[in-house]
Amino acid sequence: MKKLNAKIPEGKLEEKWRNYQLRSKLINPANKKKLNVIVVGSGLSGAGAAATLAELGYDVQCFCYQDSARRAHSVAAQGGINAAKNYQHDGDSVWRMFYDTLKGGDFRSREANTYRLAELSAPLIDHFTQQGVPFAREYGGVLVNRSFGGVQVQRTFYARGQTGQQLLLAAYAQLYKMIRAEKVTMHTRTEMLDLVLVDGKARGIIARNLVTGEIQRYAADAVVLATGGYSRVFRLSTLAIGCNGSAIWKAHKRGALFAAPSFTQIHPTALPQSSEAQSKLTLMSESLRNDGRIWVPKRKDDPRRANDIPEDERDYYLERRYPSFGNLAPRDIASRAAKERIDAGHGVGRLKNAVYLDFRHAIERFGLDTIRDRYGNLFTMYRKITGVDAYREPMQISPAAHFSMGGLWVDYELMTTIPGLYAIGECNFSDHGANRLGANSLLQASVDGYFILPNTINNYLAAELGAEQITTDHPAFAEVEEEVRAHINRILNVNGHKTVDHFHRELGKVMWRECAMSRTRLGLERAIRQIESIREDFWSSVKVTGTGEELNPELEKALRLANFLELGLLMCTDALQREESCGAHFREEYQTEEGEALRVDEDYGYVSAWEYADGTFKLHREELHFEFVQPTVRSYK
């Protein structure tokens, strides 16, 4: 078993990040120009990292599979970004935000990383404000806040219901400033297909030009992955169709440990699935739970319209079960509560797979104009999709696969177990434990890219200044490129009779049924057998039209699905091994009499870090040591 060194700095919790910076190595500005860094991904993490590293003087190459960095999935985040500014004078602080985040993740993350996230939140808001992000303001000009799930203060900054879009535009502007200054080379419509190691260090990538099909080599002194989450393994999710886990999976197969892969978040407020043919689900911001009240009819299979059901026949189940937090209970708890009500026969909608989110009382209290000002674009989006005016009748919402708390294992410096390979943002496991609190996603993506990585990567690169200059002519690049070409040809040569979408749909059904909101030993063992069968059928029956030397979306989907099939096996293996319930990982065998998650700290108080070993997975453990906070029963009642 590998000894995992998280490189946590010494000292008091509030001094660790400062102590780290005081002791980290520096690189002369003239020497930074000699160092090249590859950044894969151009969302908030990737764009922030690429722009900041270029500002510092590094030569940067940035890659995205979209036609523009502005299309990164960070644009889809709606509700806001957390920061411990305490503008509302409601008792917030860096410590309270740290504790809320640690508790929200059910004490399955490192204290030091989580505290740093809270510590850097306040300067991040100043950073974005100076970049021109139009955060909502009070009449007098002060930035305004609202609440998100799992907290009892107002610390979420927002730009109506399009916060992610506004933050991404700011990051995009900084990135393209560096592109115009010729300090960043941008490679759009280019997808990383594999990682190149030289002497055990990350020294480049093999990528495919998605327009021409050309396989290309790129060398660097360090590689940064900022490729987002992998919840498209469920197929139906709130993620964009193109989102995938291929880059981190290829890195995993090259030796990077994969941490807590089964920790995936189910968001409680998405539009419900309406048909088998549907390809994705639509997120409705958690911010709606500030003013909307969630309920179901008390009568099973109630055929009446929502507005015809009297108040005393409505079950506001979150307010009933969790009176301290009500409709702002954390996402994992709110999602399981919705599932319980739907499974018990109280679901609503055409397929009886939804619950109501009602704004009637908020409109009566605050007025229509106030609600429209807070959430207008979300109500407009809901009406465009469903044809329903949510100002007049309740929205219908349902849980959906959303965020990945798991990802590549990284240390305090955000480096993986492969020297020179970094993972930032959602593609690492770093900060959220077993459940992410709402509005912490934009926060982590931003601080990783803007503040943390630029202060840690120099510790590695300082030692690389005297190293041999590696180019794409190195034999390792030719070897990996040949493996990539062989993998593409293998998929194209199957020439079966079933579509890629068919297999993705089958995988998604298994993952949603057995490895989503609730899991059991029997179900996970069954899922592993079924996924192995689906994978075997994929490699004998998939039909991918076209060639590899052209624009070929079917080939892109097939390459990504081949990775999802393996990732699905690891997720189920991880969920099966962890015989406890914590956060979003809910094993039905481990619950309290009231149906809440039951942790087993003495046996599972660690981060699971998995090694790929020729088709099997070997477990390594990073024991979690709580020096400043002692884990308690996670209660929101």
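What you see is a predicted model; the values in this text were computed from it and never measured. (Residues numbered from 1 in each chain as written. Predicted model: local features only at pLDDT ≥ 70, side-chain atom pairs only at ≥ 80, totals over all residues. Heavy atoms only, no water.)

Focus: the packing of aromatic side chains
Working step 1: What the rule picks out here adds up to 27 aromatic pairs.
Working step 2: Ring geometry for Y230 versus F258: centroids 5.6 Å apart, planes at 70°, classification edge-to-face. Residue Y230 is located in the loop between β9 (222-225) and α8 (246-253), and its partner F258 is located in strand β10 (residues 258-259); the two are separated by 28 residues in the primary sequence. For the pair formed by Y230 and F258, the shared burial category is buried.
Working step 3: For the ring pair Y612 and F617, a centre distance of 5.9 Å and an interplane angle of 65° mean the geometry is edge-to-face.
Working step 4: By the ring-pair criterion, three or more aromatic residues cluster together here, those being Y230, W249, F258, Y612 and F617.
Working step 5: Of note, R293 hangs over the ring of Y316, and the distance from its end group to the ring centre comes to 3.8 Å.
Working step 6: The positively charged end of R436 is found above the aromatic ring belonging to F403, 4.1 Å away from the centroid. (Phe/Tyr/Trp six-rings, centres within 6.5 Å; stacked < 30°, edge-to-face > 60°. Helix = DSSP H or I, 4+ residues; strand = E, 2+ residues; numbered from the N terminus. Buried < 20%, exposed > 50% of the residue type's maximum accessible area, 1.4 Å probe, protein only. Lys NZ or Arg CZ within 6 Å of the ring centre and 35° of its normal.)

Let's talk about the sheet that holds strand β8 (residues 215-219)
Working step 1: Here we have three strands laid out as an open sheet, ordered β6-β7-β8, and antiparallel in their pairing. Each end of this open sheet is capped by a strand with a single partner; those strands are β6 (190-198) and β8. Averaged over all pairs of adjacent strands, the angle between strand axes in this sheet comes to 25°, irrespective of strand direction.
Working step 2: Strand direction decides the pairing type here: β6 and strand β7 (residues 201-209), joined by eight bridges, are antiparallel. (Pairing = 2+ DSSP bridges. Axes fitted to C-alpha atoms, helices over the stretch in contact; angles between N-to-C directions.)

Comments concerning helix α17 (residues 553-577)
Working step 1: The end-to-end C-alpha distance of α17, which contains 25 residues, comes to 36 Å, matching closely the 36 Å that a straight helix rising 1.5 Å per residue would cover.
Working step 2: A large share of α17 lies buried, amounting to 20 of its 25 residues. (Expected span 1.5 Å × (residues − 1).)

As for the environment of A434
Working step 1: Mapping A434 onto the fold places it in the loop between β17 (421-423) and α13 (441-461).
Working step 2: With a relative accessible area of 0%, A434 lands in the buried category.

Brief notes about empty space enclosed by the protein
Working step 1: If you walk through the whole model with that rule in mind, you get two cavities of 30 Å³ or more.
Working step 2: By volume, the largest cavity amounts to about 50 Å³.
Working step 3: What lines the largest cavity is simply T264, Q265, I266, D332, S335, R336, A516, M517 and A584.
Working step 4: Going through the elements one at a time, β11 (264-270) and α10 (331-346) are the ones with two or more residues in the lining of the largest cavity.
Working step 5: When its volume is computed, the second largest cavity comes out at roughly 40 Å³.
Working step 6: Together, R108, A260, F263, M405, F429, G433, R578, Y606, V607 and S608 line the second largest cavity.
Working step 7: Across the lining of the second largest cavity, the residue classes break down as six nonpolar, two polar and two charged. (1 Å grid on protein atoms, 1.4 Å probe; cavity = no way out; pocket = protein on both sides within 12 Å on 5 of 7 lines; lining within 4 Å. Points joined across faces, edges and corners; volume = space filled by probe spheres on them. Nonpolar A, V, L, I, M, F, W, Y, C, P; charged D, E, K, R; others polar.)

Remarks on the nonpolar core
Working step 1: I81, F128, I205 and L225 are the most contacted members of the largest nonpolar core, which has 156 residues in total.
Working step 2: Residue contributions to this core peak at 14 residues, all from α17.
Working step 3: Counting 30 residues, the second largest nonpolar core, distinct from the first, contains Y317, F325, A329 and L378. (Core = buried A, V, L, I, M, F, W, Y, C linked by side-chain atoms within 4.5 Å.)

Here's the deal with the pattern of salt bridges
Working step 1: Under the counting rule described, the total for this entry stands at 57 salt bridges.
Working step 2: Among the ionic pairs, D537 bridges to K498, the shortest N-O distance being 2.7 Å. Separated by 39 residues along the polypeptide, D537 in helix α16 (residues 521-541) and K498 in the loop between α14 (475-494) and α15 (500-514) bring together distant segments of the chain.
Working step 3: Relative accessible area serves as the criterion here: at 22%, D537 is assigned to the partly exposed category. (Salt bridge = Lys/Arg side-chain N within 4 Å of Asp/Glu carboxyl O.)

A word on the side chain of S287
Working step 1: Here S287 shows up in the loop between β11 and β12 (293-297).
Working step 2: In terms of polar contacts, S287 uses its side chain to reach the side chain of S285, at 2.7 Å.
Working step 3: For S287, the contacting residues outside a window of four places in its chain are G79, R146, F148, Y375 and L378. (Polar contact = N/O pair within 3.5 Å; in protein donor to acceptor, adjacent residues only side chain to side chain. Contact = heavy atoms within 4.5 Å.)

Describing the environment of N86
Working step 1: As for its position among the elements, N86 is in the loop between β3 (81-82) and α4 (94-104).
Working step 2: Residue classification places N86 among the partly exposed positions, given a relative accessible area of 23%.
Working step 3: Residues N86 and Q154, 68 residues apart in the sequence, show an inter-C-alpha distance of 7.9 Å.

Looking at helix α5 (residues 111-119)
Working step 1: Counting buried residues in α5 gives eight out of nine residues, a clear majority hidden from the surface.
Working step 2: Those residues of α5 lying buried are E111, A112, N113, T114, Y115, R116, L117 and A118.
Working step 3: Those residues of α5 that are buried are in contact with α1 (16-23), α4, α6 (121-131) and α13.

Concerning the pairing of strand β1 (residues 36-40)
Working step 1: Along β1, five of the five residues are buried, which leaves the element largely enclosed by surrounding structure.
Working step 2: Neither face of β1 is left uncovered, since the one carrying N36, I38 and V40 and the one carrying V37 and V39 both have all their residues buried.
Working step 3: Strand direction decides the pairing type here: β1 and strand β2 (residues 59-63), joined by five bridges, are parallel. By the bridge assignment for β2, N36 is matched with D59.
Working step 4: Read as a crossover between parallel neighbours, the route from β1 over helix α3 (residues 44-56) to β2 is right-handed. (Right-handed = clockwise from strand over helix to strand, strands pointing away.)

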